Amino acid sequence: MHHRIFMLAFVLCMSASSSPVHAADAPPTKPMSADEFLQSLKPQSGTISLPGDIAALNLGDRFKYLSPQSTETLLVEGWNNPPGNETLGMVIPSDTNPVSEKGWGVVISYSKDGYVKDSDTDEINYDDLLKEMKEQTAEESKEMVSQGYPAVTLIGWAENPTYDKKTHKLYWAKEFSTEGATVHSLNYNIRVLGRQGVLVLNAVAGMDQIDLIKKEMPSLLQMTDFTTTNRYEDFNVKTDKVAEYGLTALVAGGVAAKMGLFAKLFAGLIALKKLVIVGVLAIGAFIKKLFTKKTPDAQS
């Protein structure tokens, strides 16, 4: 069986009654097939309202949605991650089983840090930013190694950061190498700016899938948006909170951001030659020092 598929994903752990059962009497445990495992996730199609009704997904027929509960099942049983991952769900392609060799998905979360000003979009030097990020990744990797994780190196942009001023959507991709891994990891990021925070979409895939992910980006960008009253243009300068960072900090979020959740996903996905960084909106001290823009109020 290929190294990307874990038998743990397909084994049903059945608990019998409290009375003892002899091995000869116990029925044999039949492993789930990949298709049976996928059906157990109960993928949904059409228009999906995300938990909290903050945003909606218009999936069409090319993608399916997994609830937070099903996402947890896929991350833990399908991709061998420890439990306890907090998400708003996940999007997977309709034509590919997520536990197959070609499987991939987009993990969705939300950071309610406030309204992120995009006034710095034309001022960002992404070459300088990448240099700083490589140095920060090297420092964070040392800490990760001390905790028993493989060393990680940021290779560079797999796709340069792009911000659409009209839709307030930001996307970029980073390529990582991991000690002991033969395939580089892809971290493809989409950020949708909203009235009170940022919708976070991170693609879980390998670098060998970069062309496919790039091809799907336009569809992923178009299908995701905040609901009415939660949109970027619904911001109320008199009542709403402004985030203490801009677009630069969104892109520069450190590898070890929200280390608790990141470490859980990192540990399992690295075996799949995949890397996802969920929650990179939690800016560390280093990132704050370099990139945070203190904004006492919306009018400053």
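Now for a look at the structure at hand. (Residues numbered from 1 in each chain as written. Predicted model: local features only at pLDDT ≥ 70, side-chain atom pairs only at ≥ 80, totals over all residues. Heavy atoms only, no water.)

1. Focus on helix H3 (residues 126-146)
1) Next: A rise of 1.5 Å per residue sets the reference length of H3, with its 21 residues, at 30 Å; its end C-alpha atoms lie 30 Å apart and thus fit the reference within 8%.
2) Next: Among the residues of H3, Tyr126, Leu129, Leu130, Met133, Gln136, Thr137, Glu140, Ser141 and Met144 are the ones counted as buried. Mapping the buried residues of H3 onto a view down its axis gives an arc of 155°, with all of them on the same face. With respect to the buried face of H3, the exposed residues turned more than 90 degrees away are Lys131, Lys142 and Ser146.
3) Next: Between a side-chain oxygen at the N-terminus of H3 and the backbone nitrogen of Asp127 the separation is 3.1 Å; the capping residue is Asn125.
4) Next: Just past H3, the residue Gly148 takes up positive phi, approximately 95°. (Helix = DSSP H or I, 4+ residues; strand = E, 2+ residues; numbered from the N terminus. Expected span 1.5 Å × (residues − 1). Buried < 20%, exposed > 50% of the residue type's maximum accessible area, 1.4 Å probe, protein only. Arc of directions from axis to C-beta. Polar contact = N/O pair within 3.5 Å; in protein donor to acceptor, adjacent residues only side chain to side chain.)

2. A word on the nonpolar core
1) Next: Counting 32 residues, the largest nonpolar core has Val91, Leu186, Tyr188, Leu199 and Leu220 as the members making the most contacts within it.
2) Next: Top contributing element to this core by residue count: helix H4 (residues 210-223), with 6 residues.
3) Next: Once you skip the residues sitting within four places of it in the chain, Val91 turns out to touch Leu57, Leu59, Phe63, Lys64, Gly105, Val106, Ile108, Leu220 and Met223.
4) Next: Judged by nonpolar contacts, the second largest core, of 27 residues, contains Val116, Ile124, Leu130 and Tyr163. (Core = buried A, V, L, I, M, F, W, Y, C linked by side-chain atoms within 4.5 Å. Contact = heavy atoms within 4.5 Å.)

3. Observations concerning the packing of aromatic side chains
The relation between two aromatic rings is expressed through the spacing of the ring centres and the mutual angle of the planes.
1) Next: Inspection of the entire model under this criterion finds 5 aromatic pairs.
2) Next: Considering the side-chain rings of Tyr110 and Phe226, the 6.1 Å spacing of their centres and the 65° angle between planes classify their relative orientation as edge-to-face. With Tyr110 in strand S5 (residues 105-111) and Phe226 in strand S10 (residues 224-226), this pair connects stretches of sequence that are 116 residues apart.
3) Next: Ring centres of Tyr126 and Trp157 lie 6.3 Å apart, and the angle between their planes is 85°; this geometry places the pair in the edge-to-face category. One end of the pair, Tyr126, is in helix H3; the other, Trp157, is in strand S6 (residues 152-164), and 31 residues separate them in sequence. (Phe/Tyr/Trp six-rings, centres within 6.5 Å; stacked < 30°, edge-to-face > 60°.)

4. Thoughts on unusual backbone geometry
1) Next: If you check the backbone angles, His168 has positive phi at about 60° while not being a glycine.
2) Next: Considering the arrangement of structural elements, one finds His168 in the loop between S6 and strand S7 (169-178).
3) Next: The backbone phi angle of Thr229 is positive, close to 85°, even though this residue is not glycine.
4) Next: Position of Thr229 among the secondary structure elements: in the loop between S10 and helix H5 (247-252).

5. Digging into the sheet that holds S5
1) Next: Reading across the sheet, the 7 strands line up as S3-S4-S5-S9-S8-S7-S6 and stay open at both edges, with antiparallel pairing between neighbours. Edge positions in the open sheet fall to strand S3 (63-66) and S6, since each of these has one partner strand only. Ignoring which end each strand starts from, the neighbouring axes of this sheet average 20° apart.
2) Next: Sheet topology note: the S6/S7 ladder contains 9 bridges and is antiparallel. Bridge pairing links Gly156 to Glu175 in S7.
3) Next: Lying on the sheet, helix H2 (residues 68-78) is in contact with S3 and strand S4 (89-93); it crosses S3 at an angle near 95°.
4) Next: Together, S3, S4, S5, S6, S7, strand S8 (185-193) and strand S9 (198-206) form the strand contacts of H4, whose direction differs from that of S8 by roughly 15°. (Pairing = 2+ DSSP bridges. Axes fitted to C-alpha atoms, helices over the stretch in contact; angles between N-to-C directions.)

6. Looking at the environment of Leu57
1) Next: Inspection of the secondary structure puts Leu57 in strand S2 (residues 55-58).
2) Next: Leu57 sits in the buried class, given a relative accessible area of 0%.
3) Next: When the C-alpha atoms of Leu57 and Gln222 are compared, they prove to be 9.0 Å apart, with 165 residues separating the residues in sequence.
4) Next: For Leu57, the contacting residues outside a window of four places in its chain are Gly46, Thr47, Ile48, Leu50, Tyr65, Val91, Ile108, Met223 and Thr224.

So yeah, pure geometry; function would need other evidence.
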